[in-house]
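Now for the letters of each chain:
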Amino acid sequence: MMSLPVPYPSRLAALAICLLAGAPAGFAALAPDPVAQPTPDQLAFFEKSIRPVLADTCYKCHSAQADKVKGGLLLDTREGIRAGGDSGHAVVPGSVKESLIVKALRWEDKDLRMPPEKDGGRLPDNVIADFEKWIAMGAPDPRDGEAKVVKKVLDPQEGKSLWTFQTPKAAPAPTVKDTAWPRTDLDRFLLSAQEAQGLHPVADTDRRSLLRRVFFDLIGLPPSPQQVEAFAKDQAPDAFTRVVDLLLASPEFGERWGRHWLDVARFAESTGKERNFTYPEAWRYRDWVIAAVNADIPYDEFIREQIAGDLLPARNGDEQASHLTATGFLAIGPKSIQEKNAEQFRMDLIDEQIDTTSRAVLGLTVACARCHDHKFDPVPQKDYYAMAGIFASTQTFYGTNGQRGRNSSPLLALPDSTGLSFANPPSALPMEMPQRPGKKKFQQMRSAAPASAGGPARVMGVQDGRPVDCRLLVRGEVAQPGDEVPRGMLTVMTNGAGPTITAGHSGRLELAQWLTASTNPLTARVAVNRIWAHLFGQGLVRTADNFGATGEKPSNPELLDTLAVQFMHDGWSVKKLVRSLVLSHTYQLSSAPDSQANEVDPDNRLLWRMSPRRLDAEAIRDALLTASGQLQLRPPQGSAVAAAGDGYVGKNLQPERFSQITANYRSVYLPVVRDFVPEVLEIFDFAEPSLVVATRDVTNVPSQALYLLNNDFVRDQATAMARRVLAQPLTHPQRIALAYEYALGRPPTDAELARAEQYLLSEGRGLLPVEAGRVQDAALLSWSTFCQALFACAEFRYLK
């Protein structure tokens, strides 16, 4: 597509502001201030890699609890570690060179060595590297100015008293004063909490905004102008219910909600680390997730297949292949395959699998107990190595054999030399909303996929190996093995007697069954909380991937437990839970501000309104392609990484092949190569693919606006949208209105229409007639700029 020149960014930005000068009241407040607090990913890194080291090796001499503070240096608070001591600043955020703590850890100065020889000596290189990385990212530190010691809960028996480890119990819906307002028990729980604070929900949102909201939330795409118009006119009591059912049944639902799980599963198509080798078969796991979500596989089964699919019974070869593909969950993590010490590599792989499994399913940071008892949660070091034995008895197949790495691995061949493609059919969403209920059930697609070169199709995954028990490693050091620890689960959740592991087996099947048992206090709670967060902007527990002692408590614990119990009672159906949430009165509220409510509850924890939310990276890109008419809904076969094959990214594979990819299919199918994520995803806060990410960061930074003003992809979509609008046999005011519908899901106000006409007229040739389908370059340039200005508006990338 021809890329036309555009006016300077300042001119285009001014036009965008001008076009929205008549936007609905309160919309200007939608864009949040730039994020000043540490991001969840940064906090997770601090909690796992920095705080435990400080507590273990530094607090003895450099904390408020020390008998004598040495060197005037306090390291137990954010302010203390940054202020430094007698020698200067210990940490200078962003500057490794100026941070004396790095110099001390490296032992570069014989008078400034930390920790000293008598306290254990120099720390391992990887620990020092973690401090350097932490400082380089700005030294994110959640600790308050005053030294506070979080109460340690190390004893599992004591830990059982925490709300986290109590079995969820459904509570009766509370009575409310305004009995006419609630539509569901969910509404009653929330309204009761609001009334206790003297609050009441704001009015409902308008029908156009509601439709745009539910489309993006359920399928990640905007509704068409015809769909908006049909819904706006449909006053039947069940009109919204029919829309919701239609979206839940569409293949696009799995693409949207499958991506949510891929964030948690740290899905990527390369190893990352020092030498970044590709995973050409990782796409099969991605497509399995999308198809599983579309088929509404019960969440407990969804988890079991990913942890122990190879050990589950299968009715036929296709089902066995599906189960094997699911275990890619344990194989797709980052790996330093050039690690010289094979035992170190093995224990790092096991640690990554424990960390991912515990965070993804339980919302607990079990891996923090690798080197010592967990500092805050009731997870002793023995529990970590009990789980480590399960994964040590498991063989992981991740590929990279073609790269001849020190720790490369083969792949698993699918049974019967057949492959699976979990491709979804193209969208069947009608242009207009159905006027009567209809049954439409998505059937999981399973068709033969092309075999890998030179043999049967292969997948990443795991299988049982030789059963072994792990030795507890002193301080997590492979060179300091201790006693063997029998394989098992977390004692805080087993009442002292965990599941018996079948002789001769790894214990992964028992682990999967234990994780998904109805008596497990965490799995259903964690899942429900994440689903809630995707629909309401934040979870009832805001630390969605940390349900431990350092995480936040739920804003409405009775509601969380009731939903968790109902989730299990409904067969662990994600679709049923999503349906119940979006059909609540609470979901359909407007985002209008209320000064009294804002004074009492500025963070909207009580849900007295719908908090404005920015679209995520995939939805922004897909919305651009939808508005331009260029989106291809048929999924691609495989992946750009599969097409590239085995390779070393940055050496024989150029990173731009993945980061600058041009394709018009949905964003969920773009390549995810660690450290080289496509630019459009990276700039709008895509999940870090090496970490478990339950909720993404949401930033509002200049680079995002500059991308929408200058990027060739955005300009091309604006040009395509301009051609699409100009191709319609309409008057210019009608074309302006159509452009607003494509981009923002609503018609322009009279003032916006007048300003747009004035702009196009001022361009000189923007309102020239279009004859016989031919568009003059000057007219196309004016309309392209106009369309790009709509893309640059805050309203384009926010839900209200």
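**Some details on a positive patch on the surface**
A cluster of basic residues, R275, K340, R406 and K651, forms a positive patch on the protein surface. For R406, the location among the structural elements is in the loop between β1 (394–397) and β2 (412–413).

**Things to note about the pattern of salt bridges**
Once their charged atoms are close, side chains differing in charge can pair, the charge on each being opposite to the other. Summed over all chains, the structure comprises 40 salt bridges. E132 serves as the salt-bridge partner of R106, at 2.7 Å between the closest nitrogen and oxygen. Of this pair, R106 sits in helix α4 (residues 100–106) while E132 sits in helix α5 (residues 125–136), and the two are 26 residues apart along the sequence. Look at R106 and you get partly exposed, because its relative accessible area is 31%. Given the relative accessible area of 22%, E132 is considered partly exposed. Measuring nitrogen to oxygen at the nearest pair gives 3.0 Å for the salt bridge that ties R542 to E552. Residue R542 is located in the loop between α18 (523–536) and α19 (557–569), and its partner E552 is located in the loop between α18 and α19; the two are separated by ten residues in the primary sequence.

**Notes on the packing of aromatic side chains**
Scanning the model with the defined rule gives 24 aromatic pairs in all. Here F231 and F240 contribute two aromatic rings whose centre-to-centre distance is 6.3 Å and whose plane-to-plane angle is 55°, an arrangement assigned as tilted. F231 sits in the buried class, given a relative accessible area of 1%. Classification of F240 as buried rests on a relative accessible area of 9%. Between F277 and Y648, the aromatic rings sit 5.1 Å apart at their centres with planes inclined by 75°, giving edge-to-face as the arrangement.

**A word on helix α15 (residues 342–362)**
If you check α15, its first and last C-alpha atoms are 30 Å apart, about what 21 residues at 1.5 Å a residue would give, namely 30 Å. Of all 21 residues in α15, 17 are buried; the element is thus mostly enclosed. By the N-cap criterion, in which a side-chain oxygen at the helix start approaches the backbone nitrogen of a residue two or three places on, α15 is capped by N341, the distance to E343 being 3.0 Å. Directly after α15, the chain includes G363, whose backbone phi takes a positive value near 70°.

Reading guide: rules and limits
- Residues numbered from 1 in each chain as written.
- Predicted model: local features only at pLDDT ≥ 70, side-chain atom pairs only at ≥ 80, totals over all residues.
- Heavy atoms only, no water.
- Patch = residues over 30% accessible without salt bridge, like charges linked within 9 Å, V, L, I, M, F, W, Y side chains within 5 Å.
- Areas by Shrake-Rupley, 256 points an atom, 1.4 Å probe, with all protein chains shown as cover.
- Salt bridge = Lys/Arg side-chain N within 4 Å of Asp/Glu carboxyl O.
- Lys, Arg positive; Asp, Glu negative; His and termini not counted.
- Charge placed at Lys NZ, Arg CZ, Asp CG, Glu CD.
- Helix = DSSP H or I, 4+ residues; strand = E, 2+ residues; numbered from the N terminus.
- Buried < 20%, exposed > 50% of the residue type's maximum accessible area, 1.4 Å probe, protein only.
- Phe/Tyr/Trp six-rings, centres within 6.5 Å; stacked < 30°, edge-to-face > 60°.
- Expected span 1.5 Å × (residues − 1).
- Polar contact = N/O pair within 3.5 Å; in protein donor to acceptor, adjacent residues only side chain to side chain.

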